[in-house]
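# Per-entry structural report
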Amino acid sequence: MTNDDTPQHRYSATLARDLESRWQDRWETERTFWTPNPRGALLGDVNAERAGLPKLFVLDMFPYPSGAGLHVGHPLGFIGTDVYARFQRMNGRNVLHAMGFDAFGLPAEQYAVQTGQHPRVTTEQNITTYKAQLRALGLGHDPRRGVSTTDVAYYRWTQWIFLQIFNAWYDRSNDRARHVDELVAELDVGTRLPDDDGVPWAERDAMARRSYIDSKRLAYVGEAPVNWCPGLGTVLANEEVTADGRSERGNFAVYKRPLKQWMLRITEYADRLLADLDDLDWTDSIKLMQRNWIGRSEGAEVDFEVVGHDAAIAVFTTRPDTLFGATYMVLAPEHPLVDAIVPNDWPDGSDLVDVDTGRLGNWRGVFGAARTPPEAVRAYRAFAAAKSEVERAAEGREKTGVFTGAFAVNPTNGRQIPVFIADYVLMGYGTGAIMAVPGQDDRDWEFAEAFDLPIVRTVQAPDGWDGTAFTGDGPAINSANDEIDLNGLGVADAKRTIIGWLEARGVGTGTITYKLRDWLFSRQRYWGEPFPIVYDEHGPLALPDALLPVELPEMTDFEPATSDDPDALPAPPLARAEQWATVDLDLGDGLRTYRREVNTMPQWAGSCWYYLRYLDPTNEDAMVDRATEQYWTNDGNDFGTVDLYVGGVEHAVLHLLYARFWHKVLYDLGHVSAPEPFQRLFNQGYIQAYAYTDERGVYVEASEVAERDGEYFFGDQRVSREYGKIGKSLKNVVTPDEMCAEYGADTFRMYEMFMGPLDASRPWNTRDVVGVHRFLQRLWRNCIDENTGEARVADLAPSAALERLLHKTIDAVRHDYASLGFNTAIARLFELNNALTREVEATGSAPRSVAEASVLMLAPLAPHVAEELWHRLGHDASLAYEPFPVADPALLVADTVEIPVQVNGKVRAKLAVAPDADAAALEAAALADARIAEHLAGKQIVKTVVVPGRMVNFVVR
RNA sequence: GCCCGAGUGGUGGAACGGUAUACACGGCGGACUCAAAAUCCGCUGCUCGCAAGGGCGUGUGGGUUCGAAUCCCACCUCGGGUACCA
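Bear in mind the structure is a predicted one, so any value in this text is a computation, not a measurement. Every chain's residues receive numbers from 1 upward, in the order its sequence appears when written. Note on labels: chains are lettered from A, ligands numbered from 1, in written order. Whole-chain, interface and lining totals are the exception, using all residues; otherwise, since this is a predicted model, local features are given only for residues with pLDDT of at least 70 and side-chain atom pairs are given and counted only at 80 or more. The basis for every side-chain value is the complete set of non-hydrogen atoms in the structure, without hydrogens or water.

### As for the protein's contact with RNA strand B
Counted only if it meets this: By convention in these notes, a residue is near a molecule or strand provided one of its non-hydrogen atoms lies within 4 Å of it. Polar contact is the term for a pair of N or O atoms within 3.5 Å; when the atoms are in protein, one must be able to donate a hydrogen and the other to accept it, and sequence-neighboring residues count only if both atoms are side-chain atoms. In this description a helix means any DSSP run of H or I spanning at least four residues, a strand means any run of E spanning at least two, and both kinds are numbered starting from the N terminus. For this classification, Asp, Glu, Lys and Arg are treated as charged, while Ala, Val, Leu, Ile, Met, Phe, Trp, Tyr, Cys and Pro are nonpolar and the rest, including Gly, are polar.
Around RNA strand B sit 56 residues, and of these Thr318, Tyr429, Arg443, Asp768 and Arg950 come closest. Measuring from a sugar or linking oxygen of RNA strand B, one finds a backbone N or O atom of Thr318 at 2.2 Å. Lys943 is positioned such that a nitrogen or oxygen atom in its side chain is 3.4 Å from a phosphate oxygen of RNA strand B. Of the residues forming the surface near RNA strand B, the biggest block, six residues, is contributed by helix α24 (residues 822–843). A class-by-class count of the residues in the surface near RNA strand B yields 21 nonpolar, 13 polar and 22 charged.

In structure tokens, the structure reads:
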């Protein structure tokens, strides 16, 4: 690249690397980015006075340190937050910016299973690599605050938070979580009554009381249908299962199984999680994704009596207005009422039955060889349970089910309607049972067609309706009995009316249901946080704070028992650590032997609260000091603690919903002072890259492909170009390390910011990087003599035009930095520098005022070279806290502006006029223009539009 | 299927309803050089024209407006989310 002719002090990659490592060392030695807390261990003696400034908490979604290290796509958001943070430091904010690691998780464990290397060793090596890579980018993080979720000193507090959740219950009357001791106290004095089976509190024994309290906790052991993944040997949260019913990690089949697992009662927060979205500065699309996930729907619960039984089937429906059209019912196959209502024999005299068609799951008896209802139910349940989620998806929406032999009564008209079980009804949603209204529901229509069930329309479909279910609005029909008449009412009115009738009759109520389920919180893994829980013969008990942390035992075999058998039972690795799992403790009634919880927490646990630990990472007495938390949360009217949170959209529901939930629990219990964790959320785009395949479709090393005449060649071989995720499999990995070596970190940082808006995804193109490098080289040359390395600025006034441009640039760059519009800020700096270059060429030196302002404006983007230039321009201190330039408003007004003159909307001339020229003056000037006169000749002016300072338009005929 | 979001030069991308294509890459031409690289300067949406100048242009088709990349309607393509949620 460079040879002997190149001036010694030209800004080259070598020079860049040299000054970058010097400045990184200096920032470290001088503790430049140590951010003071208002009190406590992190107040310190460096920058302490800054604790009096207004705070700004900037946060990145912390990374999982994978063995592959960073590629160029990873740091996009990190650089964006760093630019923003540096800019705000120069604006007099006390900025907290740190980087930790979300280091529990499957890859380290799977690597451990393969190699026997302890996951902690792998994890620590990976973190070391990441830290070195991140340091080389010059990110201004406070190194003291970068916690890892795997640090014992960190997960001690993750366990502590779990205990807060375990020891809390949700007080619906006050709509907040409270400590269970308060529940016990209220029950003891009788201001609150148990809401389960009516046995008075005073008459319950200790075990009954304990089990009642356990049933109220926000963390509880529940038996629920869970996503069991035998291929991974663990259960998964709904959020970890893909749409086609496989595990997000590893792509194994997932089955629904009822298992006892830890659950967190996030559903109690559904309404608040929904409502508080309104006050967050998040994009509408993320809010919408969260709203959809929470899935609030309003409707009614209606009881259908079962013929011949003293039982009723409760259904949830969002369309109570269609109740008259309910012609059958469907229960989920595993619905608890099924066994109770299934008769031993098929009902007599039915005109319903076509026993011999052999059609799968038809009216009765023909499911497999089933001859009786119990046989049919058993056979169908086996059929449904044997299907994995994938198979269900693959079969599409084909409706299957069996008649249970039972009938229920439609409360509106007394008609007896058959009761089915079918897997299109899910146990986990609503009541696990539906009333089927084929006339107004597509799924019910399909099922009714498959099973020849009657269809009654209760909403008038529009003329020309093609015959299937009509789900739109329209007047009710066929919907009247002796007491109530919905006919003619629209859907909304009909709903209101029927709910009133149901409530008056005591057979139903208006209700709200959520799609959101409680959070399945156990994993059968080794490399996660152990629960601070032990069991006696009656159930789980919390360990006291004094016994935290519960550390992971040393093991050599980390593998959970995996299996191809969907019916295999979970066997967590910690269960094999016998010594560890059995423990003698005195929990208040003498030394006894307990069994530890052998599941671990999911990876989301540690990432639910790391931003709080950044605030006070070394505190051994509390998760975070209260006053410190308040300082970093409140700058007047904060609703969320973090001011700016930047990360990928892939965490739109999982992480962000879980973290909001934990934060709200902590808020209710008085541990944090804002109701939400993240005030402003910004989703950065992805960087992808081109990949190339040869004739066989095999990927070839992208860095060795050359473009010639619009075609791509790998050696002599023609290859075709694709576009996709950066990764080993596409052979298109480019690392920040390579870019730093070839151009320097400043060039790399600026290129990432220049490629496009931060929230847009874009292709990496190494070829384009050189443009930013040239800019830095030109700016350097404008300030520094390339032969001597001395500053070449002069204390001259810049030309009026340059000065005006400088202030216009300051104004634009400030605005762009504040709104994360880094690509356009860079374009402005390029323009300023191009103008400065011309002035330097004309006069031989750069005016100091322009050079210094340029350097300060560059600093957030390219901090190393900016520091070096600042230093060479004669400043001893780092510019990290130097005030950012401020534009002089007087210089923002141009002396002339160019105004387009249009004839019939087409630009025909441009006028140079004073910016404050009024409409009359503009019109006169436009009419005086020769070219305009030409276009107006022989035409009649119908209308003249003049917008002062903007444009003139003549409409002619 | 449903719900979002996006389609602008050869490429990445600019553009409060008011001069479309800022800035950069690439390309072309030139300076420097024995030469090349690096560096510097100029040109670069398509099209007709010697030129002056004109026509056409922001996925497609309509609409609103004096004026639309921008607002509205329909459609096409791509990306994301979600999926029997009653």
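### Things to note about the sheet that holds strand β19 (residues 591–596)
What counts here: Whether two strands pair comes down to DSSP finding at least two bridges between them. For helices, the axis comes from a line fit to the C-alpha atoms of the stretch in contact; other axes are also lines fit to C-alpha atoms, and the angle between any two N-to-C directions lies between 0 and 180 degrees.
What the four strands build is an open sheet, ordered β17-β16-β19-β18; its pairing is antiparallel. In the strand order of this sheet, the two ends are held by β17 (539–542) and β18 (582–586), each with one partner. Put simply, the sheet's adjacent strands are angled 50° from each other on average, direction ignored. With two bridges connecting them, strand β16 (residues 533–536) and β19 associate as antiparallel partners. Among the inter-strand pairings, Tyr535 is bridged to a residue of β19, identified as Arg595.

### Digging into the packing of helix α1 (residues 13–29) against helix α26 (residues 863–872)
Think of two packed helices as two axes; the pair is described by the angle between the axes and how far apart they sit. Heads up, the rule is: The cut-offs work like this: below 35 degrees is roughly parallel, past 145 is roughly antiparallel, 65 to 115 is roughly perpendicular, and the gaps in between are oblique. Note on definitions: a residue-residue contact is assigned when non-hydrogen atoms from the two residues lie within 4.5 Å.
Here α1 crosses α26 at 85°, and the two axes come no closer than 9 Å. In this view, α1 runs roughly perpendicular relative to α26, as classed from their interaxial angle. For the pair formed by α1 and α26, the contact residues are Leu19, Glu20, Arg22, Trp23, Gln24, Arg26 and Trp27 on the first element and Pro863, His864, Val865, Glu867, Glu868 and His871 on the second. Split into classes, the residues belonging to the contact of α1 with α26 amount to five nonpolar, three polar and five charged.

### Structural notes on the nonpolar core
When a protein is soluble and globular, its nonpolar side chains tend to lie buried together. Put simply, the rule is: Definition of nonpolar core: a set of buried residues of the types Ala, Val, Leu, Ile, Met, Phe, Trp, Tyr and Cys, connected through side-chain atoms within 4.5 Å. When accessible area is computed with a 1.4 Å probe and restricted to protein chains, residues below 20% of their type maximum are described as buried, those above 50% as exposed, and intermediate ones as partly exposed.
Counting residues in each nonpolar core, the largest one holds 93 residues, and the members touching the most others are Phe162, Trp519, Phe521, Met623 and Trp662. Those residues within four positions of Phe521 in sequence are excluded, and the remaining contacts are Phe162, Trp262, Met263, Leu264, Phe531, Thr600, Met601, Pro602, Ala605 and Trp662. By size, the runner-up hydrophobic cluster in this structure holds 90 residues, among which are Leu139, Tyr817, Phe830 and Ala880.

### Observations concerning the sheet that holds strand β32 (residues 897–903)
The sheet built from four strands is open, its strands ordered β33-β32-β35-β34 with mixed pairing. Two strands lie at the open edges of the sheet, namely β33 (906–913) and β34 (941–947), each paired on one side alone. Averaged over neighbouring strand pairs, the angle between their axes works out to 15° when direction is ignored. Both β32 and strand β35 (residues 951–956) contribute to a ladder of three bridges, which runs parallel. Counted as the bridge partner of Val903 is Phe954 from β35. Running over the sheet, helix α27 (residues 919–928) touches β32, β33, β34 and β35 and is turned about 125° from β34.

### Quick look at a nonpolar patch on the surface
For clarity, the threshold we go by: Exposure above 30% relative accessible area and no salt bridge define the residues that can form patches, which grow by joining like charges within 9 Å and nonpolar side chains of Val, Leu, Ile, Met, Phe, Trp and Tyr within 5 Å. In short, Shrake-Rupley with a 1.4 Å probe defines the accessible areas, and a residue's cover is counted only from the protein chains shown. Just to be clear on terms, a salt bridge is a Lys or Arg side-chain nitrogen sitting within 4 Å of an Asp or Glu carboxyl oxygen.
The grouping of Met289, Val649 and Tyr686 at the surface amounts to a nonpolar patch, some 230 Å² of accessible area in total. With respect to the helices, strands and loops of the structure, Met289 is situated in helix α9 (residues 284–294).

### A short note on the pattern of salt bridges
By the definition in use, this model includes 51 salt bridges. Taking the shortest distance from any N to any O, the salt bridge between Arg443 and Asp441 comes out at 2.5 Å. Linked by salt bridges that have partners in common, Asp171, Arg178, Glu182, Glu186 and Arg192 make up one network.

### A look at the side chain of Glu839
You can see Glu839 is positioned in helix α24. With near-sequence residues (within four places) excluded, Glu839 lies in contact with Pro798, Ser799, Leu802, Gly844 and Pro847.

### Re helix α14 (residues 491–505)
Convention followed: Multiplying 1.5 Å by the helix residue count minus one yields the expected span of that helix. Directions drawn from the helix axis to the C-beta atoms are what define this arc.
End to end, α14 covers 21 Å across 15 residues, agreeing with the expected 21 Å (1.5 Å per residue, within 8%). Those residues of α14 lying buried are Val491, Ala494, Ile498, Ile499, Trp501 and Leu502. The buried residues of α14 occupy one face: seen down the axis, they fall within an arc of 165°. Among the exposed residues of α14, those pointing more than 90 degrees away from its buried face are Arg496 and Ala504. Summarising the contacts, the buried residues of α14 are in contact with β8 (297–306) and β14 (508–513). Positive backbone phi, approximately 75°, marks Gly506, located one or two places after α14.

### Examining the side chain of Asn823
As for its position among the elements, Asn823 is in helix α24. Accessibility expressed as a relative area gives 18% for Asn823, which makes it buried. Ignoring anything within four residues of it in the chain, the contact list for Asn823 reads Met753, Phe754, Gly756 and Pro757.

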